[in-house]
Structures are given as structure tokens and as C-alpha cells.
Amino acid sequence: MEQLEMLRDDLSQCDEILLSTLLMRNRITEQITAYEEANHLPILQPEQEEKTKKWLIKSLENKRHAQEVMDVFNTVITCSKKIQARKLFDYNIVLIGFMGAGKSTISSYLSTLFAMDVVEMDEVITRREGMSISDIFEIHGEQYFRDAETKLLIEMQSRTNVVISCGGGTPLRECNVAEMKKNGRVVLLTAQPETIYERVKDAHNRPLIENNKNVDFIADLMEKRREKYEAAADIVITTDGKSTLEICEELVSRLLNETGKVKDIG
Ligand code: S3P
């Protein structure tokens, strides 16, 4: 019995050490983020995470409960990313742009880097309606789909620190843009019609271009939308020829450096 009491005491001590270590780790994470931001240093350092993971795997070689410890560390790393993201972005990051501009790819990568929640608007609407975008357009009509987009954006007012990946047509309604801007920074991703064509040519989930998949049609529709896209954007990022990491680096650095400044759509 006495031995059991002693073991329980030891366990409590471990918990105390864990608790204070975690609190200290979180504080340091905040300090590193603040330092990087203040000194305009690169925020994204995926290689740093790789280094930690390699160190961990090596340190856990032949250790008991290696997988369990690894799981805990993965959670710790995810928490650090969340702390970092909340410190950097106390607003939603709203990605807009033409079909195939890279909104989904970039939002999913941002969510890996910062453990931020992503609201993929097309996906949410598809789930809610229980049918594909093409079926929504065919059965209910485009206006119905557009109303669903507006409703979802209004719901986003109760969220912060979320990446919202809009549908290509979402910023065409002025009221949608007003909703985006209430608690979000709007990032326009652009690409040349030829690049867009290459990215969308094999997909069949976009009713507006399904029967017109060619560079001329894409260029024409893009031009018709250009003014509205640019008017909605706080920041514009071209994506042609850039890697996902390069686009995210540019996006983060411009959000941190330009947010609140005069609009730059050059
Ligand atoms: C649309 C773009 C699509 C989807 C719907 C309408 C548009 O989203 O919302 O097909 O009007 O440009 P993606 O931009 O994600 O393809």
C-alpha cells in the first residue's frame, strides 16, 4: 500500500514536470513567433519541423512505448502551430480566385503549416446539400448555390483564425465581399489562362466550364471577373511557376507586412 502511494506521488511529480515544461514550451513558441514577426524573418520553416521529427525518431530508437511518446509529441507540435497561427492571424484568411487558381491547394498547405481549420466552401455546401456542385446547379439553379455561399460566409462571422477557401464565383456578389472583409483578409490567387487550363482540364466538377474547357473561354470569363476579383482583394499573388511553399511564404509575409496598409493589387 505504501509502495502504491509512493508510485502515485512519483506520477504526480511527472505530471507537474510535464505541465510546467509544456507551459514553458508554449511561451517560447510565442516568443519565437513574435521575434520572427518583428524582425521580418521567414515564418515558415518546414525544415525545422523535419529536424524535430528526425531527432525524435532517433531518440526513441529501441525505447519502450515509442509510438505513444511519438503521438504525444505530434500533439505538442500541432498545439505549437496553433499558438503560432493565433498569434499571427487574429482574423480569417480568405482565399479567392478563378477556378484552378490554387485556392484549395494553398488552404490545405496552410492548414498543415499552421494547424488552422480550413473551410472549403464548395465542400461544405456539397455536404450540406447532399449532392455535387454540378447537381446543385442542375436541380436548383445557380442562384440557389450563390445563396448558399452567402449564407456560409455570414456564418463565418463567428469564427476567426480560419482559412476560408471560396468558390471561384464567391467574390462576384458585393455582399459576399463585405462579409469576407468583416473579419478576414482577402487574398486573390491568380494564374494565366494557360496555367488554369492545365490545372482544370481533367476535372469534371465545375459546371461553368465543363463544356467549354479551352484557354479562350477561360481567358474570356477571367477577364469578365477581373475587376470584381481585384476590387475584393487586399493582396494579390500570382501563382504561375511557383511551388506551393513559395506561394505560402509570399502569402504569409505579405499578410504580415501589408495588412492594414493601402491596398496593393499590382
Ligand atoms: C465556380 C467555381 C467553383 C464552384 C462552382 C462555381 C465559379 O469553385 O464554386 O463550380 O463560379 O467560378 P472552384 O473555384 O473551387 O473550382
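Residues numbered from 1 in each chain as written. Predicted model: local features only at pLDDT ≥ 70, side-chain atom pairs only at ≥ 80, totals over all residues. Heavy atoms only, no water.

Engineer: Summarise the overall build of the protein chain; cite the residues concerned and give the values.
Structural biologist: What the protein chain contains, in helices and strands, is 11 helices and five strands. Put simply, the protein chain has 266 residues, and 37% of those count as buried. At a minimum sequence separation of 6, the contacts of the protein chain that also span at least 24 residues come to 75%. Carbon and sulfur atoms make up 53% of the accessible area of the protein chain, which amounts to about 15500 Å² in all. (Helix = DSSP H or I, 4+ residues; strand = E, 2+ residues; numbered from the N terminus. Buried < 20%, exposed > 50% of the residue type's maximum accessible area, 1.4 Å probe, protein only. Contact = heavy atoms within 4.5 Å. Areas by Shrake-Rupley, 256 points an atom, 1.4 Å probe, with all protein chains shown as cover.)

Engineer: Lay out the pattern of salt bridges with the relevant residues and their values.
Structural biologist: Side-chain pairing between opposite charges can occur once the charged atoms of the two side chains come close. Counted by the stated rule, this structure contains 17 salt bridges. Here arginine 173 ties to aspartate 147 by a salt bridge, and the two come within 2.8 Å at their closest N and O atoms. Residue arginine 173 is found in the loop between strand S3 (162-165) and helix H8 (174-183), and its partner aspartate 147 is found in helix H7 (residues 142-155); the two are separated by 26 residues along the sequence. A residue is classified by how much of its surface remains accessible, and aspartate 147, at 43% relative accessible area, is partly exposed. With a shortest N-O distance of 3.4 Å, glutamate 250 and arginine 254 are connected by a salt bridge. With a gap of four residues between them, glutamate 250 and arginine 254 both fall in helix H11 (residues 244-258), about one helical turn apart. Classification of glutamate 250 as partly exposed rests on a relative accessible area of 23%. Where salt bridges share partners, they join Glu49, Lys53 and Lys81 into one cluster. (Salt bridge = Lys/Arg side-chain N within 4 Å of Asp/Glu carboxyl O.)

Engineer: Requested: an account of the sheet that holds S3, with residues and values cited.
Structural biologist: The five strands lie next to each other as S2-S3-S1-S4-S5, forming an open sheet whose pairing is parallel. The open sheet is flanked by strand S2 (117-120) and strand S5 (235-238), the only strands paired with a single partner. Sheet twist, expressed as the average angle between the axes of neighbouring strands with direction ignored, equals 25°. Sheet topology places strand S1 (residues 92-96) next to S3; three bridges connect them, and they run parallel. By the bridge assignment for S3, leucine 95 is matched with serine 165. In this fold helix H5 (residues 121-129) packs onto S2 and S3, with an angle of close to 65° to the strand it touches most, S2. (Pairing = 2+ DSSP bridges. Axes fitted to C-alpha atoms, helices over the stretch in contact; angles between N-to-C directions.)

Engineer: Quick one: what's the story with the nonpolar core, residue by residue and with numbers?
Structural biologist: Counting 59 residues, the largest nonpolar core has Phe89, Ile93, Phe114, Val187 and Leu251 as the members making the most contacts within it. When residues no more than four places from it in sequence are discounted, the contact partners of leucine 251 are Ile93, Leu95, Ile106, Leu110, Val187 and Ile237. (Core = buried A, V, L, I, M, F, W, Y, C linked by side-chain atoms within 4.5 Å.)

Engineer: Outline the environment of phenylalanine 73, listing residues and values.
Structural biologist: Its place among the elements puts phenylalanine 73 in helix H3 (residues 66-88). For the pair phenylalanine 73 and lysine 53, spaced 20 residues apart in sequence, the C-alpha separation works out to 9.0 Å.

Engineer: Could you give me a rundown of H11, with the residues and numbers involved?
Structural biologist: With 15 residues, H11 should cover 21 Å at 1.5 Å per step; its first-to-last C-alpha distance of 21 Å lies within 8% of that length. If you check which residues of H11 are buried, you get Ile247, Cys248, Leu251, Val252, Arg254 and Leu255. For H11, the secondary structure elements touched by its buried residues are S1, helix H4 (103-114), strand S4 (184-190) and S5. (Expected span 1.5 Å × (residues − 1).)

Engineer: Tell me what's going on with the packing of aromatic side chains, and back it up with residues and numbers.
Structural biologist: Each aromatic ring pair is specified by the distance between its two centres and by the angle formed by the two planes. Applying the stated criterion across every chain yields a total of four aromatic pairs. Relative to phenylalanine 73, the ring of tryptophan 55 lies with its centre 5.9 Å away and its plane at 70°, an arrangement referred to as edge-to-face. With tryptophan 55 in helix H2 (residues 46-59) and phenylalanine 73 in helix H3, this residue pair connects regions lying 18 residues apart in the sequence. Among the residues examined, phenylalanine 73 registers a relative accessible area of 26% and is labelled partly exposed. With a centroid separation of 5.2 Å and an interplanar angle of 50°, the aromatic rings of phenylalanine 137 and phenylalanine 145 are classed as tilted. By the ring-pair criterion, three or more aromatic residues cluster together here, those being Phe89, Tyr91 and Phe114. (Phe/Tyr/Trp six-rings, centres within 6.5 Å; stacked < 30°, edge-to-face > 60°.)

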